[in-house]
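Spelled out from the first residue to the last, the chains are:
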Amino acid sequence: MEIRIENLNDIHRAAQQFLTAIPAEAQVIAFYGSMGSGKTTFIKALCEELGVEDVITSPTFAIVNEYTPHGGDRSGAIFHFDFYRIRRLEEVYDMGYEEYFYAPDSLSLIEWPELIEPLLPEDTLKVHIDEQPDGSRLVTF
């Protein structure tokens, strides 16, 4: 499926469309895209649509941020990962990634998943965000 995001004013509509289209049982979603393609911005919109009221920021230095949705279709924790700074898979083992990826009723949203590809669950939903020549973004999954 493809969702086009024309501009930032369109991002919440795209996030709603995405959440409606993905399987309800999706637990790990990996976002692929170049630097500046809009991964963090789209994840922020997804979290807001899921009812997160906290300030949503990229976990570049913390590696993972945890959010609690208030209302919406998901009741479990939302984990937002940014693996950009990971240099060895051992770092991900050391942080106990399994406790996040396999936590009941949780949702893991992952930036830079290509750096931990061997650790992703088999049923990971893979999403690509690509900037188009006109500045819009194309979300494919």
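This text follows the structure it describes.
Residues numbered from 1 in each chain as written. Predicted model: local features only at pLDDT ≥ 70, side-chain atom pairs only at ≥ 80, totals over all residues. Heavy atoms only, no water.

(A) Just the packing of helix H1 (residues 11-21) against helix H2 (residues 39-49), in detail. With their axes 9 Å apart at the nearest point, H1 and H2 run at an angle of 70° to one another. In terms of orientation, H1 and H2 fall into the roughly perpendicular class. Helix-helix and strand crossings are classified by hand; for H1 and H2 the assignment is right-handed. For the pair H1 and H2, the contacting residues are Ile-11, His-12, Ala-14, Ala-15, Gln-16, Phe-18 and Leu-19 in the first and Thr-41, Phe-42, Ala-45, Leu-46, Glu-48 and Glu-49 in the second. The residue makeup of the contact of H1 with H2, split by class, is 8 nonpolar, 3 polar and 2 charged. (Axes fitted to C-alpha atoms, helices over the stretch in contact; angles between N-to-C directions. Helix = DSSP H or I, 4+ residues; strand = E, 2+ residues; numbered from the N terminus. Parallel < 35°, antiparallel > 145°, perpendicular 65-115°, else oblique. Left-handed = near helix turned anticlockwise from the far one by under 90°. Contact = heavy atoms within 4.5 Å. Nonpolar A, V, L, I, M, F, W, Y, C, P; charged D, E, K, R; others polar.)

(B) Just the environment of Thr-68, in detail. Along the chain, Thr-68 falls in the loop between strand E3 (64-67) and strand E4 (78-82). Take Thr-68: its relative accessible area is 42%, and that puts it in the partly exposed class. Along the primary structure Thr-68 and Leu-119 are separated by 51 residues, whereas in three dimensions their C-alpha atoms are 24 Å apart. In this structure Thr-68 touches Gly-51, Val-52 and Asp-54, once residues within four positions along its chain are discounted. (Buried < 20%, exposed > 50% of the residue type's maximum accessible area, 1.4 Å probe, protein only.)

(C) Molecular detail of the environment of Asp-134. Structurally, the position occupied by Asp-134 is in the loop between strand E6 (125-131) and strand E7 (137-140). Expressed as a C-alpha distance, the spacing of Asp-134 and Glu-6, which sit 128 residues apart in the sequence, is 8.7 Å. In this structure the side chain of Asp-134 is engaged in a polar contact, spanning 2.6 Å, whose partner is the side chain of Ser-136. (Polar contact = N/O pair within 3.5 Å; in protein donor to acceptor, adjacent residues only side chain to side chain.)

(D) Focus on the side chain of Ser-106. Residue placement: Ser-106 occurs in the loop between helix H4 (97-101) and strand E5 (107-111). Separated by 3.4 Å, the side chains of Ser-106 and Gln-27 make a polar contact. A polar side-chain atom of Ser-106 sits 3.4 Å from the main-chain carbonyl oxygen of Tyr-100.

(E) Representation of the packing of aromatic side chains. Using the criterion set out here, one finds 11 aromatic pairs in the structure. Each ring, one from Phe-81 and one from Phe-101, has its centre 5.4 Å from the other, and the planes form 85°; the classification is edge-to-face. With a gap of 20 residues between them, Phe-81 in strand E4 and Phe-101 in helix H4 connect regions that are remote in the sequence. Of the two residues, Phe-81 and Phe-101, both sit in the buried class. Consider the rings of Tyr-84 and Trp-112, whose centres lie 5.1 Å apart with planes at 55°: the pair is tilted. (Phe/Tyr/Trp six-rings, centres within 6.5 Å; stacked < 30°, edge-to-face > 60°.)

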